[in-house]
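Listed here are the chains, written in short residue letters.
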Amino acid sequence: MGIIPLTLNPILMNLQPFCFPVVERKVAVDDFQSPIINLENPDTFLSNGYKAIVREDTNEVISIVRDTYKIVTNSELIDALLRQLATCGQSFKVDASHSFVTNERMRLQITFPELRLRDRESDIALSAFIHNSYDQSEGIRFYFGAIRAICSNGMVFGTVLSKYYSRHTKGFSFDDLGEKLAEARSFFPEIQERINRLELLRVDEQLVENVSTKISKRLAEQCIQEEEIGRITQWRLLNRLTNHISHEMEPHLQARYQENVSKVFAL
């Protein structure tokens, strides 16, 4: 099954950089105990259960992995995702704001502009985040979050909404993506109630301590002053944090901090 053309649809950003070719190659591993050459067949290396993942167009070695590791390429993943999105009944766009790709890892953000929550200042559109890696830093991950229209702050709804996770040895599927979207939408009243409550609750010293210890002490110092404790709302602090994460941090670091914000603020 071929890849859907990635530059023809105006709702899509250019995804070609995500879809570079990767191949598996044999490697020789010297464990200082057994030879790396098969003496019965001198032209054969003994890999000792390992193989290399190589970027084929540049010949760069990305990682050395166990033979049991099964590659799920970015191309396969994106192809399956776009095909399911095309039949899910919801308008969507591939959002560059929190997407990135390196040889080792990728993160792709899909935004559903018609599935919206709201705070007092801005629409907040539901988003899905898809992760993949070639270096075993993580398996395929799929989870929901949102993007705040007024400032493009990204946030994660990891506490309220269910997650999908697949290790590469177990395969993956987006066959139930429509059901996942319907499930996410059914939680909108609960998420909206939580947002409304955060807009009323004041920041206290315990929350600042939680931000410092569970997210980042430096981030806490940058986003709130001591004299603001008891004066600003928790929602305002959350948006300061997500703004900093979205606009000041390297893309490959954002997900971890966004997930920690989700935990601290119970979103």
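Residues numbered from 1 in each chain as written. Predicted model: local features only at pLDDT ≥ 70, side-chain atom pairs only at ≥ 80, totals over all residues. Heavy atoms only, no water.

Draft legend 1. How the structure looks around the packing of helix α6 (residues 234–248) against helix α7 (residues 251–264). For the pair α6 and α7, interaxial distance at closest approach is 10 Å and the crossing angle is 170 degrees. With respect to each other, α6 and α7 are oriented roughly antiparallel. Together, Leu238, Leu241, Thr242, Ile245 and Ser246 of α6 and Gln254, Tyr257, Gln258 and Val261 of α7 make up the contact between the two elements. Classifying every residue of the contact of α6 with α7 gives 5 nonpolar, 4 polar and no charged. (Axes fitted to C-alpha atoms, helices over the stretch in contact; angles between N-to-C directions. Helix = DSSP H or I, 4+ residues; strand = E, 2+ residues; numbered from the N terminus. Parallel < 35°, antiparallel > 145°, perpendicular 65-115°, else oblique. Contact = heavy atoms within 4.5 Å. Nonpolar A, V, L, I, M, F, W, Y, C, P; charged D, E, K, R; others polar.)

Draft legend 2. Examining the sheet that holds strand β3 (residues 60–66) more closely. As summarised here, the arrangement of the 3 strands in space is β1-β2-β3, forming an open sheet in which the pairing is antiparallel. Edge positions in the sheet fall to β1 (22–26) and β3, since each of these pairs with one other strand and no more. Across this sheet, the average inter-strand angle for adjacent strands is 30 degrees, counted without regard to direction. Two strands pair when backbone bridges link them, and β1 and strand β2 (residues 50–55) are joined in this way by 5 bridges, in the antiparallel orientation. The partner of glutamate 24 across the bridge, within β2, is isoleucine 53. (Pairing = 2+ DSSP bridges.)

Draft legend 3. Main features of the pattern of salt bridges. Taken as a whole, this structure holds 13 salt bridges when the rule is applied. Put simply, arginine 116 and aspartate 123 hold a salt bridge, and the shortest N to O gap is 3.7 Å. Residue glutamate 121 pairs with arginine 148 through a salt bridge whose shortest N-O separation is 2.8 Å. Here the residue glutamate 121 occupies a position in the loop between β5 (105–118) and β6 (123–133), and arginine 148 occupies one in strand β7 (residues 140–148), the gap between them amounting to 27 residues. On the basis of relative accessibility, which here comes to 52%, the residue glutamate 121 falls in the exposed class. Because the salt bridges share partners, they merge into one network encompassing Arg105, Glu138, Arg141 and Glu259. (Salt bridge = Lys/Arg side-chain N within 4 Å of Asp/Glu carboxyl O. Buried < 20%, exposed > 50% of the residue type's maximum accessible area, 1.4 Å probe, protein only.)

Draft legend 4. Main features of helix α2 (residues 177–186). Every buried residue belonging to α2 is among Leu177, Lys180, Leu181 and Ala184, and all of these are buried. Buried positions in α2, seen along its axis, are confined to an arc of 100 degrees and lie on one side of it. Across α2 from its buried face, at more than 90 degrees, point the exposed residues Glu179 and Ser186. (Arc of directions from axis to C-beta.)

Draft legend 5. Structural detail: the packing of aromatic side chains. This model, assessed by the stated rule, comprises 4 aromatic pairs. Residues phenylalanine 20 and tyrosine 134 carry aromatic rings whose centres are separated by 6.0 Å and whose planes lie at 70 degrees to one another, so their mutual orientation is edge-to-face. Here phenylalanine 20 is found in the segment before β1, whereas its partner tyrosine 134 is found in the loop between β6 and β7, with 114 residues between them in sequence. Judged by relative accessible area, tyrosine 134 falls into the buried class, the value being 1%. Seen from their ring centres, phenylalanine 142 and phenylalanine 144 are 5.3 Å apart, and the 80 degrees between their planes marks the pair as edge-to-face. On the accessibility criterion, phenylalanine 144 (3% relative accessible area) is buried. (Phe/Tyr/Trp six-rings, centres within 6.5 Å; stacked < 30°, edge-to-face > 60°.)

Draft legend 6. Region of interest: the environment of alanine 52. Residue position: alanine 52 is located in strand β2. Through-space distance from the C-alpha of alanine 52 to that of serine 63 is 5.9 Å; in sequence the pair is 11 residues apart. Residue contacts for alanine 52: discarding those within four places in its chain leaves Val23, Glu24, Arg25, Val27, Ser63 and Ile64.

Draft legend 7. Here's a closer look at the side chain of asparagine 103. Residue position: asparagine 103 is located in the loop between β4 (93–101) and β5. Judged by relative accessible area, asparagine 103 falls into the buried class, the value being 15%. A polar contact is formed between the side chain of asparagine 103 and the side chain of glutamate 60, at a distance of 3.3 Å. Not counting chain neighbours up to four residues away, the residues in contact with asparagine 103 comprise Phe20, Arg55, Glu60, Ile62 and Tyr134. (Polar contact = N/O pair within 3.5 Å; in protein donor to acceptor, adjacent residues only side chain to side chain.)

Draft legend 8. Local environment of helix α3 (residues 188–198). Of the positions making up α3, those classed as buried are Phe188, Ile191, Gln192, Ile195 and Leu198. Down the axis of α3, the buried side of the element spans an arc of 125 degrees, and every buried residue falls inside it. Opposite the buried face of α3, at more than 90 degrees from it, the exposed residues are Pro189 and Glu193. Next to the buried residues of α3 lie β5, β6, α2 and α6.

Draft legend 9. Layout of the pairing of β6. Extensive coverage of β6 is indicated by the burial of 10 of its 11 residues. Where β5 and β6 come together, 11 bridges link them in antiparallel fashion. Note on β6: the bridge partner recorded for leucine 108 is isoleucine 130. The hairpin turn running from β5 into β6, its antiparallel successor, is 4 residues long. Looking at chain direction, β6 and β7 are connected through 8 bridges and run antiparallel. Paired with histidine 131 across the two strands is arginine 141, which belongs to β7. Here β6 folds back onto β7, and the loop between the two strands holds 6 residues, one of which, glutamine 136, carries a positive phi near 65 degrees.

Fair warning: the whole summary comes from geometry, so function is off the table for now.
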